[in-house]
Amino acid sequence: MSRRQATAFSRMQRTVRKVEAEAREANPGQDVGTGQTILRLQRHQPPLRTLLEAKKIGAVELQAAEQIALAAFSVSTGGILHAVTLERVSYGRQNDSPWPAHVALAVRNYQRWQNHWSTEWKRTRNPMLEVIWASVIDEQPIAAIAEDIGYGRKRTARAIICGIRHYAAWSDLVTGIQRQAWIAAAQHVFDRRLPATSS
């Protein structure tokens, strides 16, 4: 075994031992399993939890994710989610609204944001809307989302972060320079491929 391989192996062993020690400390007197099992299970947890534990998202991103979930669940009928049929929103007349004002606002913001990314999908095949739906509503692991869209895990994690931040910027949860930066960052996560047209 070369020195480089030995170093990588010892790093892996240290990581496994560290995870085991943290799990034993958090759950005294219980069998917590092996470090490899714990690491494997961590890889398959919901993406927002993964990103929050890695300190890659904060309170604003979680608030945006909650608004997305609130909008999706508010328009669902019969327990079946319909991402495309977000049509029940009162634009200012609160007497006719079937929802409280904060729910109607969340649905209106999500509609605008969804229309933007639906248009991007039609033009450039940008899968941002699919990524955010899978991560916030379906709570699929990052690896599963990456496999579905055909990109790597790092880019998919970056897309989740940028997509949620883009929603936060569109719904005015952030303002100023930060808003502009988050909107610009989300536009450049995926390659802008124009589909071939047949004439």
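What counts and what doesn't
- Residues numbered from 1 in each chain as written.
- Predicted model: local features only at pLDDT ≥ 70, side-chain atom pairs only at ≥ 80, totals over all residues.
- Heavy atoms only, no water.
- Axes fitted to C-alpha atoms, helices over the stretch in contact; angles between N-to-C directions.
- Helix = DSSP H or I, 4+ residues; strand = E, 2+ residues; numbered from the N terminus.
- Parallel < 35°, antiparallel > 145°, perpendicular 65-115°, else oblique.
- Contact = heavy atoms within 4.5 Å.
- Nonpolar A, V, L, I, M, F, W, Y, C, P; charged D, E, K, R; others polar.
- Expected span 1.5 Å × (residues − 1).
- Buried < 20%, exposed > 50% of the residue type's maximum accessible area, 1.4 Å probe, protein only.
- Salt bridge = Lys/Arg side-chain N within 4 Å of Asp/Glu carboxyl O.
- Polar contact = N/O pair within 3.5 Å; in protein donor to acceptor, adjacent residues only side chain to side chain.

**Some details on the packing of helix α7 (residues 142-149) against helix α8 (residues 153-170)**
Thought 1: Following both chains from N to C, one finds α7 and α8 inclined at 100 degrees, their axes separated by 9 Å at the closest point. In this view, α7 runs roughly perpendicular relative to α8, as classed from their interaxial angle. On α8, the residues that touch Ile142, Ala143, Ile145, Ala146 and Ile149 of α7 are Arg153, Thr156, Ala157 and Ile160.
Thought 2: Of the residues assigned to the contact of α7 with α8, the class counts are seven nonpolar, one polar and one charged.

**Section: helix α4 (residues 59-75)**
Thought 1: An ideal rise of 1.5 Å per residue puts 24 Å on 17 residues; α4 measures up with 25 Å between its terminal C-alpha atoms.
Thought 2: Buried within α4 are the following residues: Glu61, Ala64, Ala65, Gln67, Ile68, Ala69, Ala71, Ala72, Ser74 and Val75.

**Digging into the pattern of salt bridges**
Thought 1: Throughout the structure, instances matching the rule amount to four salt bridges.
Thought 2: Between Glu61 and Arg165 there is a salt bridge, and its shortest N-O distance comes to 2.6 Å. With Glu61 in helix α4 and Arg165 in helix α8, the pair connects residues that are 104 residues apart, well separated along the chain.
Thought 3: Residue class for Glu61 comes out buried when judged on its relative accessible area of 5%.

**As for the side chain of Ser135**
Thought 1: Mapped onto the elements, Ser135 comes out in helix α6 (residues 128-137).
Thought 2: Here Ile132 takes part through its backbone oxygen, which lies 3.2 Å from a polar atom of the side chain of Ser135.
Thought 3: Ignoring anything within four residues of it in the chain, the contact list for Ser135 reads Pro47, Ile145 and Ile160.

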